[in-house]
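Inside the fold
Here are the chains, one letter per residue:
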Amino acid sequence: MKLATFQHQGVEKIGVVDGSDVADVSGRPGAPASLRELLDRGDEGLTWIRQATGASPRLALADVQLCAPIPAPRKFLGLGGNYASHLAEAAKVGVVRGAGQVWFNKQVSCVTGPYDPVHKPRVSEQFDYEGELGVVIGQRCRHARPENAEAVIAGYVVVNDMSVRDWQMRAPTHTLGKSFDTHGPFGPWLVTRDEISDPHVLRIRTWVNGELRQDGNTSQMIHRIGAMVVELSTAFTLEPGDVLATGSPAGVGGLMEPPCYLRPGDVVRVEIESIGAIENRVIAEPSP
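Residues numbered from 1 in each chain as written. Predicted model: local features only at pLDDT ≥ 70, side-chain atom pairs only at ≥ 80, totals over all residues. Heavy atoms only, no water.

**Notes on the overall build of the protein chain**
When helices and strands are counted, the protein chain shows six helices and 19 strands. Against the compact-globule benchmark of 19 Å for 288 residues, the protein chain has a radius of gyration of 18 Å, which places it among compact chains. On the principal axes, the C-alpha backbone points of the protein chain span a range of 55 × 45 × 35 Å. Taken across its 288 residues, the protein chain has 56% of its residues classed as buried. Taking contacts inside the protein chain between residues at least 6 apart in sequence as the whole, the part at least 24 apart equals 77%. With an accessible surface of roughly 12,200 Å², the protein chain has 50% of that area assigned to carbon and sulfur atoms. For the protein chain, the distance from the average site of its 28 positive side-chain charges to the average site of its 34 negative ones is 2 Å. (Helix = DSSP H or I, 4+ residues; strand = E, 2+ residues; numbered from the N terminus. Rg over C-alpha atoms; globule rule 2.2 N^0.38 Å. Buried < 20%, exposed > 50% of the residue type's maximum accessible area, 1.4 Å probe, protein only. Contact = heavy atoms within 4.5 Å. Areas by Shrake-Rupley, 256 points an atom, 1.4 Å probe, with all protein chains shown as cover. Lys, Arg positive; Asp, Glu negative; His and termini not counted. Charge placed at Lys NZ, Arg CZ, Asp CG, Glu CD.)

**Focus on the pattern of salt bridges**
Once the charged atoms of two side chains with opposite charge are near each other, the side chains can pair. Counted under the stated rule, the structure contains 19 salt bridges. Note that glutamate 271 and arginine 205 form a salt bridge whose closest N and O atoms lie 3.0 Å from each other. A residue pair is termed long-range when its members are at least 10 positions apart, and glutamate 271 in strand β18 (residues 267-272) and arginine 205 in strand β15 (residues 203-208) qualify at 66 residues. Judged by relative accessible area, glutamate 271 falls into the partly exposed class, the value being 23%. Each member of the salt-bridge network shares a partner with another, and the members are Asp40, Arg74, Lys75, Arg140, Glu239 and Asp242. (Salt bridge = Lys/Arg side-chain N within 4 Å of Asp/Glu carboxyl O.)

**Some words on the layout of surface pockets**
In this structure, the second largest pocket encloses a volume near 180 Å³. Secondary structure elements with two or more residues in the lining of the second largest pocket: α2 (43-53) and β12 (153-160). It is α2 that contributes the most residues to the lining of the second largest pocket, three residues altogether. (1 Å grid on protein atoms, 1.4 Å probe; cavity = no way out; pocket = protein on both sides within 12 Å on 5 of 7 lines; lining within 4 Å. Points joined across faces, edges and corners; volume = space filled by probe spheres on them.)

**Focus: the sheet that holds strand β9 (residues 118-120)**
What the five strands build is an open sheet, ordered β9-β19-β18-β15-β16; its pairing is mixed. Each of the sheet's edge strands pairs with one partner strand only, and the pair in question is β9 and β16 (211-217). Taken pair by pair, the neighbouring strands of this sheet meet at an average axis angle of 20 degrees, ignoring direction. (Pairing = 2+ DSSP bridges. Axes fitted to C-alpha atoms, helices over the stretch in contact; angles between N-to-C directions.)

**Some words on the environment of glutamate 195**
Mapped onto the fold, glutamate 195 is located in the loop between β14 (184-192) and β15. A relative accessible area of 48% places glutamate 195 in the partly exposed class. In this structure the side chain of glutamate 195 is engaged in a polar contact, spanning 3.1 Å, whose partner is the backbone nitrogen of methionine 1. (Polar contact = N/O pair within 3.5 Å; in protein donor to acceptor, adjacent residues only side chain to side chain.)

**Topic: the side chain of threonine 246**
Considering the arrangement of structural elements, one finds threonine 246 in the loop between β17 (243-245) and β18. Given the relative accessible area of 0%, threonine 246 is considered buried. One polar contact links the side chain of threonine 246 to the main-chain carbonyl oxygen of leucine 133, over a distance of 2.7 Å. When near neighbours in sequence (up to four residues on either side) are disregarded, threonine 246 contacts Leu79, Asn82, Tyr83, Glu132, Leu133, Val135, Met221 and Met228.

**Description of the pairing of β15**
In the sheet, β15 pairs with β16 via six bridges, with the strands oriented antiparallel. Considered in β16, the bridge of valine 208 is made with glutamate 211. Following β15, the chain reverses through two residues before pairing antiparallel with β16; asparagine 209 in that reversal takes a positive phi of roughly 55 degrees. Bridge count between β15 and β18: five bridges; the pairing is antiparallel. Across the sheet, the residue bridging to tryptophan 207 is arginine 269, located in β18.

**Quick look at helix α6 (residues 225-235)**
Along α6, the residues that are buried comprise Ile225, Gly226, Met228, Val229, Val230, Leu232 and Ser233. For α6, the secondary structure elements touched by its buried residues are β6 (76-80), β7 (102-105), β11 (131-137), β12 and β17.

**Describing the side chain of aspartate 266**
The topology assignment puts aspartate 266 in the loop between β17 and β18. Dropping the residues within four chain positions of it, aspartate 266 is found in contact with Val208, Asn209, Tyr261, Asn280, Arg281 and Val282.

Keep in mind these values describe shape, not function.
Written as structure tokens, this is what we have:
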């Protein structure tokens, strides 16, 4: 299933995307208030939405505004340096990663919709993109084991881990440079785990103004998704709706020669095979 959060006539709703339509399940008996609440219900929630879809009214996707599938995740975490190609380009400017997983936090206030505008900050000229596969957690878990780690995943989304490079490099945590408002677009919907036979064989591409900048495959990940879940759940509880951005292949603007950062008017499109695409226009940060 493709689970979506959307706005229709000013009301936020949830539904299931089918071709060019979305089944609006929000009015069905027992409907959850959000997809995060649906995931909190576990298998019962997924069973409910499958059953509710058939009897729900259809809306054309062209008539709704898609939102981030989980507009308010409890956690939004990113894994740095998870593609050898990206590590190689970063090494040219002296950035070197260790062998372990290096995680950073994206403040959840950065979340925005898959087609919403994103802000070029007033305080920086180093606004960059990173196309990534996003993993959405579906079950509360702690101390996951390698053999069952992927079973806690609800599904997958497309993420643009947008970054303000000079602010990112202020501290090892990267949190400030990864968390500016609007710098966490993802979607366009959540594709449930059963629809993706192997998340480690998906082509991932990023375009800026129609120019292909990133062209990789999730098979190139250094740390696989199950290992990510094990690592994180060893430290803290993962909860339904948490979003994990799993790393980006080579081709980011800041490591081009010369660097090619985003400017107002640019359009960034990230597409992942079997999931979909998000597309965001850069605008100048509005006045407070």
